[in-house]
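Structure assessment
Now for the letters of each chain:
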Amino acid sequence: MEQTFIMIKPDGVQRGLVGEIIKRFENKGFYLKGLKMVTVERSFAEKHYEDLAAKPFFPGLVDYIISGPVVAMVWEGKGVVLTGRKIIGATNPAESAPGTIRGDYAIVVGRNIIHGSDAVESARKEIALWFPEGIS
Ligand code: ATP
Ligand code: MG
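Computed from a predicted structure; not experimentally measured.

Among the residues making up helix H7 (residues 120-130), those that are buried are Ser-122, Ala-123, Glu-126, Ile-127 and Trp-130. One side of H7 holds all its buried residues, which, seen down the axis, span an arc of 135°.

Attention shifts here to the UniProt feature "binding site: ATP" (unreviewed entry) in the chain. Within this structure's numbering, the places UniProt gives as "binding site: ATP" (unreviewed entry) are Lys-9, Phe-57, Arg-85, Thr-91, Arg-102 and Asn-112. Within the secondary structure layout, Lys-9 lies in the loop between strand S1 (3-8) and helix H1 (10-14). You can call Lys-9 buried: its relative accessible area is 4%. Setting aside residues up to four positions removed in sequence, Lys-9 forms contacts with Tyr-49, Tyr-64, Ile-65, Val-70, Arg-102, Asn-112, Ile-113, Ile-114 and His-115. Mapped onto the elements of the fold, Arg-102 is located in helix H6 (residues 101-105). By relative accessible area, Arg-102 is classed as buried at 6%.

As a further point, take the site of ligand 1. Looking at ligand 1, the residues that line it are Lys-9, Tyr-49, Leu-52, Phe-57, Leu-61, Arg-85, Thr-91, Arg-102, Val-109, Asn-112, His-115 and Gly-116. Take Lys-9: an N or O atom from its side chain is 2.8 Å from an oxygen atom of ligand 1. With respect to ligand 1, the backbone of Val-109 contributes an N or O atom lying 3.3 Å from an oxygen atom. Considering ligand 1 on its own, with 570 Å² of exposed area, one finds that the protein chains cover 75% of that surface. Each residue belonging to the shell around ligand 1 can be placed in one class, and the counts come to 5 nonpolar, 4 polar and 3 charged.

On to the packing of aromatic side chains, then. For the coordinates displayed, the defined rule picks out 3 aromatic pairs. A centroid spacing of 5.0 Å and a plane angle of 25° characterise the contact between Phe-5 and Trp-130, whose relative ring orientation is stacked. With Phe-5 in strand S1 and Trp-130 in helix H7, this pair connects stretches of sequence that are 125 residues apart. For Trp-130, a relative accessible area of 2% corresponds to the buried category. A ring pair is formed by Phe-44 and Trp-130, whose centres lie 4.7 Å apart and whose planes are at 85°; its orientation type is edge-to-face. Of this pair, Phe-44 sits in helix H3 (residues 42-48) while Trp-130 sits in helix H7, and the two are 86 residues apart along the sequence. Aromatic ring contacts, followed pair by pair, group Phe-5, Phe-44 and Trp-130 into a single cluster. Here the basic side chain of Lys-36 rests over the ring of Phe-131, its NZ or CZ set 4.6 Å away from the ring centre.

Cut-offs applied
Residues numbered from 1 in each chain as written. Chains lettered and ligands numbered in written order. Predicted model: local features only at pLDDT ≥ 70, side-chain atom pairs only at ≥ 80, totals over all residues. Heavy atoms only, no water. Buried < 20%, exposed > 50% of the residue type's maximum accessible area, 1.4 Å probe, protein only. Helix = DSSP H or I, 4+ residues; strand = E, 2+ residues; numbered from the N terminus. Arc of directions from axis to C-beta. UniProt positions renumbered as here; feature names shortened; annotations may be inferred. Contact = heavy atoms within 4.5 Å. Near = heavy atom within 4 Å. Polar contact = N/O pair within 3.5 Å; in protein donor to acceptor, adjacent residues only side chain to side chain. Areas by Shrake-Rupley, 256 points an atom, 1.4 Å probe, with all protein chains shown as cover. Nonpolar A, V, L, I, M, F, W, Y, C, P; charged D, E, K, R; others polar. Phe/Tyr/Trp six-rings, centres within 6.5 Å; stacked < 30°, edge-to-face > 60°. Lys NZ or Arg CZ within 6 Å of the ring centre and 35° of its normal.

The following block contains the structure:
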């Protein structure tokens, strides 16, 4: 069954949005398959976002991700990668539709609360990176 990697970023954790975010994925009918809270090293955050290494915002993005604990999760269900992205909303919260997580809880792209894999293949890579021990 299809799986995706979802990460609640440090601002989402600090603002107490963990329960709200989990609730939205559970209400939709997806299954939580793995979850851990972790504060990652700079090199690990750089690896996670390696495709964006050339972007001008990359150093700031890495600083943001390592600024506090994140909640790393694996969710499973039919179409969960694409539907998960819809639940999350557009990258820039100024453009995220109301009713999406970013649309409801975020204002700026540099503090957009949550990450979701953008394709089945990147989900596979990200799950392997974040859960090298595997999930049950
Ligand atoms: P994510 O990968 O975090 O789920 P995304 O797939 O919607 O987000 P990406 O293009 O992969 O968007 O960008 C990764 C992250 O980099 C964004 O979620 C955001 O935190 C940050 N980011 C993207 N564009 C900008 C920007 N112009 N300025 C600052 N930060 C940005
Ligand atoms: Mg992305």
